[in-house]
Amino acid sequence: MKRFTLLLCAALLALTIMPGQAFAKDFTIGMILVGPYNDKGYSQAQYEGGKYVEAHMDGAKLIYLDKVNPADRPGLTIPQIVDDLVEKGADLIIAGSDDMKDGILEAASMHPDKTFLHVSGDSAWDGKAPENLGNLFSKMEYSKMMAGFTAAMTTQTGKIGVVGPLVNEETRRLMSSAYLGATYAWTKVRGKDLKDLSFNVKWIGFWFNIPGVTSDPTQVAGSLFDAGYDVLISGIDTPEVVTVAKQRKAAGKNVWALPYDYEKGCEGQGDICLGVPYFNWGPGFLRVSKEVAEGTYKPGFVWESPYWADINNHDKSPVGFMPGEGMSADTQKALDAFVAELGSGKLELFTGPLNYQDGTPFLKAGEKGSDKQIWYMHQLLQGMEGISSAK
């Protein structure tokens with residue numbers, strides 16, 4: 001009788017885990033966001049990426065802590081946050097910002113039985129990450145090229161301004177990408193002289209406004225408009241650039257703006273909004289979550305390219321560019337051709353000769369930038385205005 005009972009239990013167990021059937025186990029994602037989960041920018045894009053996993057993976061649940069930055073949560077450390085997320089059952093911990101790099105490395109070392117994903121870092125690339133931490137980022141450089149291209153197709157003054165966050169390798173390469181897109185549109189499509197194009201980056205000092213600590217992005221945007229810049233590109237996590245552009249438009253000025261990070265950044269903004277380069281974290285987060293749940297995830301450095309067949313495909317493309325109401329039909333047509341050339345590989349804007357801002361070579365004539373050369377840019381490119389160093 002005892003033998004029969006054991007055989008029956010084994011048979012029932014085999015039936016419940018037949019190959020191809022979902023394993024009945026909850027999976028919890030613990031997410032650490034640098035800004036508010038509803039900031040209409042970078043943090044909301046990540047939060048919605050987590051919600052995408054909930055919707056597409058059986059048993060998945062998202063828990064999170066937002067506004068993790070020195071202003072909103074002074075004294076709170078990343079390891080402390082991770083301890084709490086682990087206590088609440090997190091199987092995968094995602095740290096969403098570059099400035100969390102040291103903290104998430106420490107936390108991953110303290111919890112070797114958990115899996116960590118740092119979004120925007122490179123520790124798994126430079127060999128500093130423990131075995132349970134990987135990096136994931138998307139090649140926003142291409143979407144920023146589209147933003148720069150659109151700005152240069154639209155400007156009537158030849159003056160494009162950028163409201164940038166803080167100065168680091170990530171922001172240097174993104175601002176430089178926008179510049180390359182702008183110069184291509186200005187010279188190759190519009191047939192104008194490069195010396196007649198101004199591209200000016202003004203940094204506020206962090207990813208979003210911290211009163212008393214950063215420059216006020218509203219004032220920075222206003223000062224650029226006052227100086228004759230008629231198209232502004234946002235590099236910050238929040239929508240002040242668009243807000244100021246709407247105010248100036250209401251006052252009778254011909255101005256435009258491009259927000260950043262969040263696909264719906266142009267919704268409700270009217271014809272001052274030209275388009276938005278945005279992150280689509282859902283597919284990447286889903287892939288990693290499933291691999292972690294199945295025990296097949298191998299932490300490493302992943303820098304994902306757009307899905308060129310349809311850059312706005314929610315289920316496939318990690319970055320996109322959503323046109324806004326302010327984009328003209330002619331600009332849309334030119335942008336479509338530009339995107340097609342980028343996607344085919346016929347056009348590679350990170351190709352030399354390109355110099356850094358101080359005149360030192362970045363890429364020699366004919367040299368195509370490698371991922372590491374682009375990732376670790378030391379300065380802005382020659383021809384750009386704005387500081388290249390945080391010092």
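The name an unreviewed UniProt entry gives the chain is ABC transporter substrate-binding protein PnrA-like domain-containing protein, with Pseudodesulfovibrio nedwellii as the organism.

Now for the nonpolar core. Membership of the largest hydrophobic core comes to 103 residues, with the highest contact counts inside it found for Ile-32, Phe-199 and Phe-338. Considering every element that reaches this core, the biggest residue donor is helix α6 (residues 169-189), with nine residues. Once residues lying within four places of it in the same chain are set aside, the contact partners of Phe-338 are Met-145, Met-146, Phe-149, Gly-181, Tyr-184, Leu-347 and Leu-349.

With numbering aligned to this structure, UniProt lists the feature "domain: ABC transporter substrate-binding protein PnrA-like" (unreviewed entry) at residues 28-262. In residues 28-262, the share of helix is 39% and the share of strand is 19%. The end C-alpha atoms are 24 Å apart.

What follows deals with the pattern of salt bridges. All told, the structure shown has ten salt bridges when counted by the stated rule. Taking the shortest distance from any N to any O, the salt bridge between Asp-84 and Lys-88 comes out at 3.0 Å. Through salt bridges with shared partners, one network takes in Lys-101, Asp-122 and Asp-126.

Let us look at the environment of Pro-239. Position of Pro-239 among the secondary structure elements: in the loop between β8 (231-234) and α8 (240-250). Assessed through its relative accessible area of 32%, Pro-239 is described here as partly exposed. Taking the C-alpha atoms as reference points, Pro-239 and Tyr-260, 21 residues apart in sequence, are found 7.8 Å from one another.

Position of Glu-304 relative to the elements: it lies in strand β11 (residues 301-304). Within the local environment of Glu-304, its side chain forms a polar contact with the side chain of Arg-287, the two groups lying 2.8 Å apart. Not counting chain neighbours up to four residues away, the residues in contact with Glu-304 comprise Leu-136, Phe-137, Ser-138, Lys-139, Gly-284, Arg-287 and Pro-318.

Where helix α5 (residues 140-154) meets helix α10 (residues 329-344), the axes come as close as 10 Å, and the angle between the chain directions of the two elements is 150°. In terms of orientation, α5 lies roughly antiparallel with respect to α10. You can see that α5 and α10 cross each other, and the crossing is right-handed. On α10, the residues touching Tyr-142, Met-145, Met-146, Phe-149, Thr-150, Met-153 and Thr-154 of α5 are Thr-331, Ala-334, Leu-335, Phe-338, Val-339 and Leu-342. Looking at the contact of α5 with α10, its residues break down into ten nonpolar, three polar and no charged.

Counted under the stated rule, the structure contains 22 aromatic pairs. Measuring from ring centre to ring centre gives 5.9 Å for Phe-137 and Trp-281, while their planes differ by 40°; the resulting arrangement is tilted. Of this pair, Phe-137 sits in strand β5 (residues 133-138) while Trp-281 sits in the loop between β10 (275-279) and α9 (282-294), placing them 144 residues apart in sequence. Here Phe-137 and Trp-281 have matching classes, each one buried. Between the aromatic rings of Trp-303 and Trp-375, the centroid separation amounts to 4.8 Å while the plane-to-plane angle is 85°, which identifies the pairing as edge-to-face. Of this pair, Trp-303 sits in strand β11 while Trp-375 sits in helix α11 (residues 371-375); the two residues are 72 residues apart in sequence, bridging distant segments of the chain. Here Trp-303 matches Trp-375 in class, with each residue buried. Taken together through their ring pairs, the aromatic side chains of Tyr-42, Trp-125, Phe-137, Tyr-260, Phe-279, Trp-281, Phe-285, Phe-301, Trp-303, Trp-375 and Tyr-376 make up a single cluster.

So, about the sheet that holds strand β7 (residues 198-203). On the basis of which strands lie adjacent, the open sheet formed by four strands has the order β7-β6-β8-β9 and parallel pairing. Each end of this open sheet is capped by a strand with a single partner; those strands are β7 and β9 (256-258). On average, adjacent strands in this sheet sit at an angle of 20° to one another, irrespective of strand direction. Where strand β6 (residues 159-164) meets β8, four bridges bridge the pair, whose relative direction is parallel. Note that in β8 the partner of Val-162 across the bridge is Ile-233. On the sheet, helix α7 (residues 217-226) packs against β6, β7, β8 and β9 and is oriented at approximately 170° with respect to β6. Across the face of the sheet, α8 comes into contact with β6, β8 and β9 while running at roughly 170° to β9.

Turning next to the sheet that holds strand β4 (residues 115-119). With respect to topology, six strands assemble into an open sheet ordered β2-β1-β3-β4-β5-β11, the strand pairing being parallel. Whereas interior strands pair on both sides, the edge strands pair on one side only; in this sheet they are β2 (60-65) and β11. Shown here is a sheet whose adjacent strand axes are inclined to one another by a mean of 20°, direction ignored. Note that strand β3 (residues 92-95) and β4 share four bridges and pair parallel. Across the sheet, the residue bridging to Leu-92 is Thr-115, located in β4.

Turning our eyes to something else, we now look at α10. Spacing of three or four residues puts side chains on the same side of an α-helix, whose turn is 3.6 residues. For α10, with 16 residues, the first-to-last C-alpha span of 23 Å sits near the 22 Å given by 1.5 Å per residue. Among all positions in α10, only Thr-331, Ala-334, Leu-335, Phe-338, Val-339 and Leu-342 are buried. Angular distribution of buried residues about the axis of α10 spans 140°; they occupy a single face of the element. In α10, those exposed residues whose orientation departs by more than 90 degrees from the buried face are Ala-329, Asp-330 and Lys-333. Gly-345, located one to two residues past α10, shows a positive phi value of around 85°.

Cut-offs used in this document
- Residues numbered from 1 in each chain as written.
- Predicted model: local features only at pLDDT ≥ 70, side-chain atom pairs only at ≥ 80, totals over all residues.
- Heavy atoms only, no water.
- Core = buried A, V, L, I, M, F, W, Y, C linked by side-chain atoms within 4.5 Å.
- Buried < 20%, exposed > 50% of the residue type's maximum accessible area, 1.4 Å probe, protein only.
- Helix = DSSP H or I, 4+ residues; strand = E, 2+ residues; numbered from the N terminus.
- Contact = heavy atoms within 4.5 Å.
- UniProt positions renumbered as here; feature names shortened; annotations may be inferred.
- Salt bridge = Lys/Arg side-chain N within 4 Å of Asp/Glu carboxyl O.
- Polar contact = N/O pair within 3.5 Å; in protein donor to acceptor, adjacent residues only side chain to side chain.
- Axes fitted to C-alpha atoms, helices over the stretch in contact; angles between N-to-C directions.
- Parallel < 35°, antiparallel > 145°, perpendicular 65-115°, else oblique.
- Left-handed = near helix turned anticlockwise from the far one by under 90°.
- Nonpolar A, V, L, I, M, F, W, Y, C, P; charged D, E, K, R; others polar.
- Phe/Tyr/Trp six-rings, centres within 6.5 Å; stacked < 30°, edge-to-face > 60°.
- Pairing = 2+ DSSP bridges.
- Expected span 1.5 Å × (residues − 1).
- Arc of directions from axis to C-beta.

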